[in-house]
Structure formats: structure tokens, C-alpha cells
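Given next are the chains, with one letter for each unit.
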Amino acid sequence: MKEPHSISNVFDAALLRLDIVFSDYEKVCISLSGGKSSTVLLHLVATVAKAHGKKITVLFIDQEAQHTQTISHIQRLKQLYHEVIENFYWIALPLTTENNSTYDSRAWISWEDDVEWWRIPPADAITDQHLFPFYHYAMTESNFTSGFLHWLSSGKTLAFVMGTLSSEYAANDSQLTQKSYGVDNNEHFSISETNSQITMFYPLFDWQSQDVWLFNSLSKAPYNPLYDLMYRSGAPRSNMKIQEPFEQQTTEIFRCKADYPQQATFSRTSPGDNARKPSEGTWQSHATFLLNSMPQKMADQFRANIAQYLSWHRSRGFLTSIPDEEACATEEHDIVSWEKICTMILSNDYRSLALTASPSASEDALFCCSRKKSRRRRSSGNEAIFL
């Protein structure tokens, strides 16, 4: 299996790879998450499917605690390509994935029995736990996907296409052994063979983040509006990645104030996602109380990070006074508020990753704290309020 020599760029290469997929396999299933790369892949897969006169299967695993923008985006894509989608499996079953938002529970079970859900699943979502013969309660997402593919293939050859980019692939330990097909080192068709019937394909393997955004710009195809919030908040396009509340947040992932569905019980979310202040008082007074009640060294670190955060906004003309409540997420920039500061503190976000201006990973924490504390003492106005 080789690609033609006519490949000139990653866009043409992806189309040619998908042409091979639709020519060689009886069934094609795409993994859709609502992120930038899986969305682009669906646009391309739908285009090639129409050219071949074939239909596709879409697998979307709804993790329950997801951004409302992502859910709306998935519904829009489902409607947009309904003519080429034979089956759209919107999975809303109890599945287990890693939970990095709390210390007391290292596993997140979506759509868990006997608990209050974050939101009600769509009417056409699959909620029947007896529908799939391979399913068992709270199985892992990876095991569900594997069982689903074997069930879907039914003895026919099945291509499972995923929108993994090369930059993301290096850190993805879940992928299987790769085989590369191509005519030179710049034209890879990376796949993972699971058995003789099922093959995993990565048509966007050699794409970079800028290729995705160039495609979006030229094609005017819909993408998840969460990325617009990230962009308006100052996040570089190369670092934009959608993560859910139970996933690990790192310095490389920009956290913006997105729209969440109604949040459920405290036991299923991080403390910061359910930040509450006393009935009497303000978020500002609550922030001061929280800082005064923690160890001095930790409080100094928080104060230094908060001062830098406020200074960053003030220097760009965003800050005249600090509102107490969190403002609307659709503003043209990240919104300062005492509520957001309290959320960061209650989340034990010691490095203040939830704030726009936070210490870089390369800086020593104590040195960073000392330097910022000194700088804060020389400042005036709002950023000196914690002194």
C-alpha cells in the first residue's frame, strides 16, 4: 500500500490517504471528539465519502461533564453531514476515565448510576446499558472502543480513522505499533493494525497545528467555538486544546472561562468548579480570608501570582476596577474577578495555572515567589491589595 507520487502538501496527502481507505475497506468509522483535529478529519472524511458514494459511521463518546459549546458543535456536525452518516453513535454510558481534578477520586465515571448528572443526555444518545453485548458497567473508554470496533466490524474490514496530529502523537502512549507507508520521508501514512479486519488510520499524522487553522480559514468550515474564546483570551493557537473539568490542566493548556452545564454534586467535581462563598460577604473578602487561613509561604506564592495576574490586565488597559462576580465568557479578553481568584485558590492551583499570567514551568517556585513579592511591594493600586 503506497501513496501516489503526486502528493504536494499535507491537505492533498490526507485526501489521498482517505481515498485509499474508502477504496480498500468495507466500513469506515471516525472517532469524533469535537476538538480541532477530529473536526477537520470529519470534514475531509465526509468529502471523500461523497466522492465514493459511501456512508460512514461516527463514534462520539459523551463524557457528560463537557463544555456546552462542544455539545452544540457536535450536534451541528451531525446535522451538517447527515447525508453521508449511516450511523451516529452518541455514547452516553457509564464509562471510566482518569480524573485529575481531585485527590479523593482518581477515576471519573461519566453518566454514573444513582448520582446527579451535569446535564441530561440528548434524546438520541445511547443510554441503554444492555444494547452492546460487550459492554459492562463503568468499563474504561479504551476497552469500550475496542469492543465497539469488533462489534461494528461484524466480520467485515473496518477502517477506524482518528485525527491525531504528529505533535500530539509523541505524547500519546495509547497508540499501537506504527507502520509507515509512503514514497519518501515527508509522506507518511501511519496506521495501527489490530487484526485482519480492523485497522486504525491517522490521515492527519503529519499535520501541524497551523495546518489545521489554515484549513479552517480557507474552507470556512465550522469548528468548535471554544477556540474563539481561547484566542480572544490571548492563548496562542499552537497551544489550544480542549480539556474537560476532570482532565489534567497544565501550563501548556490555556484555561478560559467557558460555558459549563449545570454542575452536579461536589463529590464528582473539583472544589474549584463548585466554589462557594459565605452567604454574607463578597468574593473579595472570601479571597482575603482564604489567604489568611493558609500557611504563610503558600499564601505568599498565591499573592505573588495574583499580583502578577492583576498587573498583566492593568498594563493592557483591561483593568479599571475588579468585579466581584465572574463576567460573561464572550468578552473580548479574559475577565478579572474575585470569583475567579477564589476558584483558583479553592482548587489548590498553587501555580495559578487558571490565571492568564502565571509562572512559567522553568522558573523555580521559591525564586519566582520572592521576585514577584518584591515587585508587588513596589507597585501601587489594585495589585497591592493583598499586602
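Residues numbered from 1 in each chain as written. Predicted model: local features only at pLDDT ≥ 70, side-chain atom pairs only at ≥ 80, totals over all residues. Heavy atoms only, no water.

A. View of the overall build of the chain. The number of helices and strands found in the chain is eleven helices and ten strands. Within the chain, the fraction of its 387 residues that count as buried is 49%. Taking all contacts inside the chain whose residues are at least 6 apart in sequence as the whole, residues at least 24 apart take part in 69%. When the accessible area of the chain is evaluated, it comes to approximately 18,500 Å², of which 50% is carbon and sulfur surface. (Helix = DSSP H or I, 4+ residues; strand = E, 2+ residues; numbered from the N terminus. Buried < 20%, exposed > 50% of the residue type's maximum accessible area, 1.4 Å probe, protein only. Contact = heavy atoms within 4.5 Å. Areas by Shrake-Rupley, 256 points an atom, 1.4 Å probe, with all protein chains shown as cover.)

B. Main features of the packing of aromatic side chains. The final tally for this structure, using the stated rule, is 20 aromatic pairs. Ring centres of Phe144 and Phe148 lie 6.2 Å apart, and the angle between their planes is 20°; this geometry places the pair in the stacked category. With Phe144 and Phe148 both in helix H4 (residues 141–153) and four residues apart, this pair spans about one turn of that helix. According to the relative accessible area criterion, Phe148 is buried, its value standing at 0%. Through a chain of ring-to-ring contacts, the aromatic side chains of Tyr89, Phe132, Phe134, Tyr135, Phe144, Phe148 and Trp151 assemble into a single cluster. (Phe/Tyr/Trp six-rings, centres within 6.5 Å; stacked < 30°, edge-to-face > 60°.)

C. Seen up close, unusual backbone geometry. For Glu64, which is not glycine, the phi dihedral falls at a positive 70°. Among the structural elements, Glu64 can be located in the loop between strand E2 (56–61) and helix H3 (68–80). Under the relative-accessibility criterion, Glu64 is labelled buried at 0%. Non-glycine residue Ala138 carries a positive phi angle of around 60°. Secondary-structure assignment places Ala138 in the loop between strand E5 (107–109) and strand E6 (139–140).

D. Region of the structure containing H3. Along its 13 residues, H3 runs 18 Å from first to last C-alpha, staying within 8% of the 18 Å computed at 1.5 Å per residue. Taken together, the buried positions of H3 are Gln69, Thr70, Ile71, His73, Ile74 and Leu77. Each element contacted by the buried residues of H3 is listed here: helix H2 (36–52), E2, strand E3 (85–91) and helix H7 (226–232). (Expected span 1.5 Å × (residues − 1).)

E. Molecular detail of the pairing of E2. Burial analysis of E2 places six of its six residues in the buried class, the great majority of the element. The sheet contact formed by strand E1 (residues 27–31) and E2 spans three bridges and is parallel. Within E2, the position partnered with Ser31 by the bridge is Leu59. Traced from E1 through H2 to E2, the parallel crossover comes out right-handed. (Pairing = 2+ DSSP bridges. Right-handed = clockwise from strand over helix to strand, strands pointing away.)

F. The arrangement of the nonpolar core in detail. Within the largest apolar cluster, 39 residues are counted, with the highest numbers of intra-cluster contacts made by Ile56, Val161 and Trp207. Put simply, the parts of the chain that give this core at least two residues each are helix H1 (10–24), E1, H2, E2, H3, E3, strand E7 (158–161) and helix H6 (209–219). At eight residues, H2 tops the list of elements feeding residues into this core. Core analysis: the next-biggest nonpolar cluster, separate from the first, contains 23 residues, Leu152, Leu158, Ile198 and Tyr202 among them. (Core = buried A, V, L, I, M, F, W, Y, C linked by side-chain atoms within 4.5 Å.)

G. Examining the side chain of His73 more closely. With respect to the helices and strands, His73 occurs in helix H3. The class of His73 is buried, set by a relative accessible area of 3%. For His73, the side chain forms a polar contact with the side chain of Thr39, separated by 3.0 Å. Contact partners of His73, with chain neighbours within four places excluded, come to Gly34, Thr39, Pro222, Tyr223, Asn224 and Pro225. (Polar contact = N/O pair within 3.5 Å; in protein donor to acceptor, adjacent residues only side chain to side chain.)

H. Geometry of the pairing of E1. Both E1 and E7 contribute to a ladder of four bridges, which runs parallel. Note on E7: the bridge partner recorded for Ile30 is Val161.

I. Looking closely at the pattern of salt bridges. Tallied over the entire structure, the rule returns four salt bridges. For Arg119, the salt bridge identified is with Asp62, shortest N-O distance 2.5 Å. Of this pair, Arg119 sits in the loop between E5 and E6 while Asp62 sits in the loop between E2 and H3, placing them 57 residues apart in sequence. Of the charged contacts, one joins Lys78 and Asp124 as a salt bridge, the two residues approaching to 2.1 Å between their closest N and O atoms. With Lys78 in helix H3 and Asp124 in the loop between E5 and E6, this residue pair connects regions lying 46 residues apart in the sequence. (Salt bridge = Lys/Arg side-chain N within 4 Å of Asp/Glu carboxyl O.)

J. The arrangement of the packing of H2 against H6 in detail. Running from N to C, H2 and H6 cross one another at 50°; their axes reach a closest spacing of 10 Å. As the angle between them shows, H2 and H6 are arranged oblique. In this structure, H2 meets H6 at a crossing whose hand is left-handed. Side by side, H2 and H6 meet where Lys36, Val40, His43 and Leu44 of the first sit next to Ser209, Val212, Trp213, Phe215 and Asn216 of the second. For the contact of H2 with H6, the residue count by class is five nonpolar, three polar and one charged. (Axes fitted to C-alpha atoms, helices over the stretch in contact; angles between N-to-C directions. Parallel < 35°, antiparallel > 145°, perpendicular 65-115°, else oblique. Left-handed = near helix turned anticlockwise from the far one by under 90°. Nonpolar A, V, L, I, M, F, W, Y, C, P; charged D, E, K, R; others polar.)

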